[in-house]
Structures are given as structure tokens and as C-alpha cells.
Amino acid sequence: TPEELAALPHDDRGTTILVVHWTLTSFATIFLALRIYSKNLVGRKLWWDDHILIAAWCLIVITSALTTCLVTESGLGHHSYDLYISDLARYIIIISVRATMTITVTGWTKTSFGITLLRLTSGRTKAFVWFCILSINATTIVSAIIPWAQCVPLSKTWDPHMTGGECWAPRVGTKIWIGLGAWNAMMDFVLAALPWRILRDMQLRTKEKIGVTVALSMGVIAGATGIAKCVALPNLGAGDAYNEVELFLWDITEGTVTLMAACIPTLRVLVRE
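Residues numbered from 1 in each chain as written. Predicted model: local features only at pLDDT ≥ 70, side-chain atom pairs only at ≥ 80, totals over all residues. Heavy atoms only, no water.

A.B. asks: Report on the side chain of Thr 102, specifying residues and quantitative values.
C.D. replies: On the secondary structure map, Thr 102 appears in helix H4 (residues 88-118). Within the structure, the side chain of Thr 102 is placed 2.9 Å from the backbone oxygen of Ala 99, a separation counted as a polar contact. Excluding anything up to four places from it in sequence, Thr 102 contacts Thr 63 and Asp 251. (Helix = DSSP H or I, 4+ residues; strand = E, 2+ residues; numbered from the N terminus. Polar contact = N/O pair within 3.5 Å; in protein donor to acceptor, adjacent residues only side chain to side chain. Contact = heavy atoms within 4.5 Å.)

A.B. asks: Run through a nonpolar patch on the surface, naming residues and quoting values.
C.D. replies: A surface patch of nonpolar side chains, about 520 Å² in accessible area, is lined by Phe 27, Ile 30, Leu 34, Tyr 37, Leu 41 and Val 42. Mapped onto the elements, Leu 41 comes out in helix H2 (residues 14-41). (Patch = residues over 30% accessible without salt bridge, like charges linked within 9 Å, V, L, I, M, F, W, Y side chains within 5 Å. Areas by Shrake-Rupley, 256 points an atom, 1.4 Å probe, with all protein chains shown as cover. Salt bridge = Lys/Arg side-chain N within 4 Å of Asp/Glu carboxyl O.)

A.B. asks: Help me get a handle on unusual backbone geometry, residues and values and all.
C.D. replies: Residues other than glycine predominantly adopt negative phi, and peptide bonds predominantly adopt the trans conformation. Cis geometry marks the peptide bond from Val 152 to Pro 153, where omega comes out at 0°. Relative to the assigned elements, Pro 153 resides in the loop between strand S1 (151-152) and strand S2 (166-167).

A.B. asks: So, the state of the cysteines: which residues are in play, and what are the values?
C.D. replies: In the structure shown here, the tally under the stated rule is one disulfide. At a sulfur-sulfur separation of 2.0 Å, the disulfide partner of Cys 151 is Cys 167. Here the disulfide of Cys 151 and Cys 167 is right-handed, its torsion about the S-S bond being about 110°. With Cys 151 in strand S1 and Cys 167 in strand S2, this pair connects stretches of sequence that are 16 residues apart. (Disulfide = S-S within 2.5 Å.)

A.B. asks: Hey, could you go over the pattern of salt bridges for me, with residue numbers and the actual values?
C.D. replies: Taken as a whole and judged by the stated rule, the model has nine salt bridges. For Arg 13, the salt bridge is made with Glu 246, and the minimal N-O distance between the two is 2.8 Å. Of this pair, Arg 13 sits in the loop between helix H1 (2-7) and H2 while Glu 246 is found in helix H9 (residues 245-272), placing the two residues 233 residues apart along the sequence. Where Asp 251 meets Arg 98, a salt bridge forms, and the shortest distance between an N and an O atom there is 2.7 Å. Of this pair, Asp 251 sits in helix H9 while Arg 98 sits in helix H4, and the two are 153 residues apart along the sequence. Judged by relative accessible area, which is 8%, Asp 251 ranks as buried. On the accessibility criterion, Arg 98 (2% relative accessible area) is buried. The network of salt bridges with common partners includes Arg 35, Lys 39, Asp 49 and Asp 50. (Buried < 20%, exposed > 50% of the residue type's maximum accessible area, 1.4 Å probe, protein only.)

A.B. asks: With reference to specific residues and values, describe empty space enclosed by the protein.
C.D. replies: Applying the stated criterion across every chain, the model contains one cavity of 30 Å³ or more. By volume, the largest cavity is sized at about 80 Å³. For the largest cavity, the full set of lining residues is Thr 109, Lys 110, Phe 113, Asp 188, Leu 191, Ala 192, Gly 219, Ala 222, Thr 258, Ala 261 and Ala 262. Broken down by secondary-structure element, the contributors of at least two residues to the lining of the largest cavity are H4, helix H6 (172-198), helix H8 (219-232) and H9. (1 Å grid on protein atoms, 1.4 Å probe; cavity = no way out; pocket = protein on both sides within 12 Å on 5 of 7 lines; lining within 4 Å. Points joined across faces, edges and corners; volume = space filled by probe spheres on them.)

A.B. asks: Requested: an account of the packing of helix H3 (residues 48-74) against H4, with residues and values cited.
C.D. replies: Each pair of packed helices can be described by the angle between their axes along with the distance between the axes. Two elements in contact, H3 and H4, have axes whose closest approach is 8 Å; the angle formed by their N-to-C orientations is 155°. Here H4 runs roughly antiparallel to H3, going by the angle between their axes. Note on packing geometry: the crossing formed by H3 with H4 is left-handed. Each residue belonging to the contact of H3 with H4 can be placed in one class, and the counts come to 18 nonpolar, nine polar and four charged. (Axes fitted to C-alpha atoms, helices over the stretch in contact; angles between N-to-C directions. Parallel < 35°, antiparallel > 145°, perpendicular 65-115°, else oblique. Left-handed = near helix turned anticlockwise from the far one by under 90°. Nonpolar A, V, L, I, M, F, W, Y, C, P; charged D, E, K, R; others polar.)

A.B. asks: Residue-level account of the side chain of Lys 229, with values.
C.D. replies: For Lys 229, the position within the fold is in helix H8. The buried category is assigned to Lys 229, whose relative accessible area is 15%. Leave out the neighbours within four places in its chain, and Lys 229 touches Leu 247, Trp 250, Asp 251 and Glu 254.

A.B. asks: Mind laying out the packing of aromatic side chains, listing which residues take part and the relevant values?
C.D. replies: Applying the stated rule across the entire model yields two aromatic pairs. The interplanar angle of 90° and the centroid separation of 6.5 Å between the aromatic rings of Phe 131 and Trp 183 together place this pair among those described as edge-to-face. Linking Phe 131 in helix H5 (residues 123-149) with Trp 183 in helix H6, this pair joins segments that are 52 residues apart in sequence. Under the relative-accessibility criterion, Trp 183 is labelled partly exposed at 31%. Put simply, the rings of Phe 128, Phe 131 and Trp 183 touch in pairs and so form one group of aromatic residues. Here Arg 119 stacks its cationic end above the ring of Trp 47, 3.9 Å away from the centre of that ring. (Phe/Tyr/Trp six-rings, centres within 6.5 Å; stacked < 30°, edge-to-face > 60°. Lys NZ or Arg CZ within 6 Å of the ring centre and 35° of its normal.)

The following block contains the structure:
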């Protein structure tokens, strides 16, 4: 009844979602611009790891724009009973596209850092880095297509009232995401630990060696955000859209933080200069 509805909480975290998304997008833009500037400063051309980061940044900007549409057009950040969705199919499609993009961003930024490590490795260590890169991309591809693979026919994904067709049981996709997300978070910690092994025997001053190693180990922060996202994933489809806000915050955080972590080693040039 109207009286019962009025007695319910009417929280709104839409502004928080927008501030977090666009603040992190701005920081990612600054870090990437400084990375490119640093390479130009020392006369180095952009390599594959740079181009992958640029592509990931483009997806970050698109993700923030899509999230802005969800907040302004549908009231994302409110409780489910306060959402004002005029076109359910459009809402679900934007949610699915956004999920695919945030997952892809995370995979690409991790891949970029792995490609950077390939330049510093050889032999078995290099083969292991390739294994990490391939496994990250395999899990990324599977995770990215989950929003589009849960229903047959595909159109039932954004039209749940369609007669006929079948969809996965509730939370199957979420459980797969948690498992794959945990694997990728572990890969972050593995790739962050590799520089300590790679640079251990290099002929560098102790201060320089520590600085390079720490800079290359910033992926630990990305791994921590990945774990936080896995913790927030069970809120997906929990019955109230308001509970999903944490997931919207952590998935953009994981991608942007991973991008910034991948840029930090190159920014040492600015510090040195």
C-alpha cells in the first residue's frame, strides 16, 4: 500500500556511484597520460602493453558513461521499489554490456602488465608468465560472455516474460564469476611476486632494485580489489537492487586500479628526471 511503501527506507547511492566512477576514470586517465608522456620523454615507442592499456581505458570511459545512464534514466542506487525503469529490456541490456566491459577491462589491464614482464624474463619464467597471460584471458572470455549465455534464446535474457525458452538456475552465473574472479585475483598476486625473483640477480644498485621491484609489485593492490569484488558478487540478484551498489563500485575499482598499477613502473622515469 502507499502507506507501507512510505514507511520503507528510501536510500539513494546514485551520486556515490557516479562520483566513484568518474573520479576513478579521471585518475586512470591521468596515470595513462603520464605513462605515455614518460615514454615519449625517454624516446621509447609505444608497445603492445601500452596499446592494450589504451583500449582498456576506452572501455573504462564507456563503462562510466553507461553507468551514468543507469543512474539518471533508471535510478540505479535506489532500492528496487524506488527504481523508475521505463524500458526493462534497455535496462537489462545496458547492465549486461556494462558487466562485459568491466570484466574485459580487468582482463586487458592484467594482460598488459604480464606483457610488460615478458620483456624482463626468459626461459621457464617467461613460459610461466605466458601461462598466466593465457589463463587470465581464458577466464576473462568466459566471464565476459556469461551475461549473454544464461538464456536460450538470447532475447529471453532481456525479456524475462517471454514464453518458452530456458535460463540457467539462479546464481549459477554468479558462482562461476566468483570462481573465475578468485583465480584472476590470485594471478595478480603471482604477477606481483614475480619481479622479486626476476630482479633478484640483476646488477642494480640496492636502492634502484628495491624501487623497480616495488613499482612492479603494485598488482597486489589490484588483487585486493579483485577479492573485494568477489565478496560483493553474492549481492547480485539478491532481491534488492540497492544491495548491488557495492558490486558496481568494486568492479570499476578493480579495472581502474589495475590500470594505474600497470602504469606505475613507467612513471618512475618522471621521478628520476
